[in-house]
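Structure assessment
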Amino acid sequence: MDWGMKNRLSRIIRPDTGKALMLAVDHGYFLGPTSGLEDLENTVAPLLPYTDSLMLTRGALRNCINAKFPVPIVLRVSGGNSVLEEDLSHEDLTVDIEDAIRLNASAITMSIYIGSPHQHQTIVNLAKTVDMGEKYGIPVLAVTAVGKEMTRDERYLSLACRIAAETGAHIVKTYYCEDFDKLVKKVPIPVVIAGGKKVTEKDALELAYKAISDGAVGVDMGRNIFQAEAPVAMIQAVRSIVHHGNSVKKALDLYSSLKAKKK
Ligand code: 5RP
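Read on for a plain summary of the structure. Remember, predicted model here, so these are calculated numbers, not experimental data. The residue numbering used here restarts from 1 in each chain and proceeds along that chain's sequence as written. Predicted model: local features are reported for residues with pLDDT of at least 70 only, side-chain atom pairs are reported and counted for 80 or more only, and whole-chain, interface and lining totals are derived from all residues. To get the side-chain values, take all heavy atoms of the structure and skip hydrogens and water.

Our next topic: the nonpolar core. L54, L75 and V238 are the most contacted members of the largest nonpolar core, which has 76 residues in total. Of all the elements, helix α11 (residues 231–244) adds the most residues to this core, at 8 residues. Note on contacts: a residue pair is in contact if any heavy atoms of the two residues lie within 4.5 Å. Apart from residues no more than four positions distant in its own chain, L75 is found in contact with L56, T57, R58, L61, V95, A100, L103, A105, A107, I108 and T109. Here, the term nonpolar core denotes a set of buried Ala, Val, Leu, Ile, Met, Phe, Trp, Tyr and Cys residues that are joined through side-chain atoms within 4.5 Å. Classification of residues uses two cut-offs on accessible area relative to the type maximum, computed with a 1.4 Å probe and protein chains only: under 20% is buried, over 50% is exposed, and between them is partly exposed. Formed by 14 residues, the second largest nonpolar core is a distinct cluster that contains I12, M22, A24 and V217. Secondary structure follows DSSP: runs of H or I at least 4 residues long count as helices, runs of E at least 2 residues long count as strands, and numbering of each begins at the N terminus.

Set out below in structure tokens:
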């Protein structure tokens, strides 16, 4: 791995803990003004000091994020669909590598849809993204998007993550599932989990804890942070699990005390 690639990866996965806390706010690329992100600029600004990196689209980055804040960027480079369409797998690459470089992306990210009608197109696009990333030393985070018809079990998610790794992705993002430790052993690149739909703060912290205990390198969480009752407290609680190995109870206590202090 060349120096630039290693250096960029170390902005995503912190070398001192070997873990990654990523904040995902890229939902608008197919969901539009997602609940909690209607005012993306003001929702995300107070969360920035607590995340290791920020995953979003170039439009959100240019319009809503202060360029002077030194947060590493994981830039979404796939899209081309909307929630109004039945088949969400019909995605393509939507950002030129030169624009990703101009935006100082620390990593680029795109979705693959294994088992969906356009799986071929999305896997080939991942390969093209990896070729572009390798050319300029930019790591690629593959997201295993799951079609409505797919079961999010270890068998399916291992298949999707392993295909991402074999295609050349440097990190893969997937969903937590039962026997997640088995999935991690079958995937030779770092695995991060998505938070998924909003659940209670306790359940979201439990999810983060179980994923890290089972071998995930980190969490790339969106809705369970920015839709939490106290998002700034929530990101600090998740961070305490990812980087400091806090138990769920300790993290929940931290959440409650920060929330009470409105921090
Ligand atoms: C969509 C994505 C989203 O960024 C991510 O999955 C959302 O995170 P969360 O599920 O925690 O809201 O990659 O494909």
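Picking up where we left off.
A word on the environment of H90. By secondary structure assignment, the location of H90 is in the loop between β4 (78–79) and β5 (92–93). With a relative accessible area of 43%, H90 lands in the partly exposed category. Through-space distance from the C-alpha of H90 to that of S35 is 24 Å; in sequence the pair is 55 residues apart.

To estimate the expected span of a helix, count its residues, drop one, and scale the result by 1.5 Å. Here helix α9 (residues 201–213) spans 18 Å end to end across 13 residues, near enough to the 18 Å set by a 1.5 Å rise per residue. Turning to α9, the residues buried within the fold contact α8 (180–186), β9 (191–194), β10 (218–221), α10 (223–226), α11 and α12 (248–260). Two residues or fewer past α9, G215 is found with a positive phi of approximately 110 degrees.

It is worth spelling out the side chain of T174 at this point. In this structure, T174 sits in strand β8 (residues 171–174). In this view, T174 contacts T144, L157, C161, F180, L183, V191, V192, I193 and A194; residues no more than four positions away in its chain are not counted.

The next point concerns the site of the ligand. Taken together, the neighbourhood of the ligand is formed by 14 residues, with D26, H27, G196, G222 and R223 sitting nearest. The term polar contact refers here to a pair of N or O atoms within 3.5 Å; inside protein, the definition further demands a hydrogen-donor-capable atom paired with an acceptor-capable atom, and it admits residues adjacent in sequence only when both atoms are side-chain atoms. Between the ligand and the protein, one listed contact pairs an oxygen atom with a side-chain N or O atom of K173 at 3.4 Å. Between G195 and the ligand, the recorded distance is 2.9 Å, taken from a backbone N or O atom to an oxygen atom. In this description, accessible areas are obtained by the Shrake-Rupley approach with a 1.4 Å probe, and a residue is regarded as covered only by the protein chains that are shown. Protein chains shield 95% of the accessible area of the ligand, which is 360 Å² for the free molecule. In this count, Pro and Cys sit with the nonpolar residues alongside Ala, Val, Leu, Ile, Met, Phe, Trp and Tyr, while Asp, Glu, Lys and Arg are called charged and the others, Gly among them, polar. Split into classes, the residues belonging to the shell around the ligand amount to 5 nonpolar, 4 polar and 5 charged. One heavy atom within 4 Å of a molecule or strand makes the whole residue count as near it.

As a further point, take the sheet that holds β10. With parallel pairing, 8 strands are arranged side by side around a closed barrel as β1-β2-β3-β6-β7-β8-β9-β10. Neighbour-to-neighbour, the strand axes of the sheet open up by a mean angle of 25 degrees, direction not taken into account. Across 3 bridges, the pairing between β8 and β9 is parallel. Pairing of K173 across the sheet is with V192, part of β9. Whether two strands pair depends on DSSP finding at least two bridges between them. For helices, the fitted line uses only the C-alpha atoms of the stretch in contact; every axis is such a line through C-alpha atoms, and the angle between N-to-C directions lies from 0 to 180 degrees.

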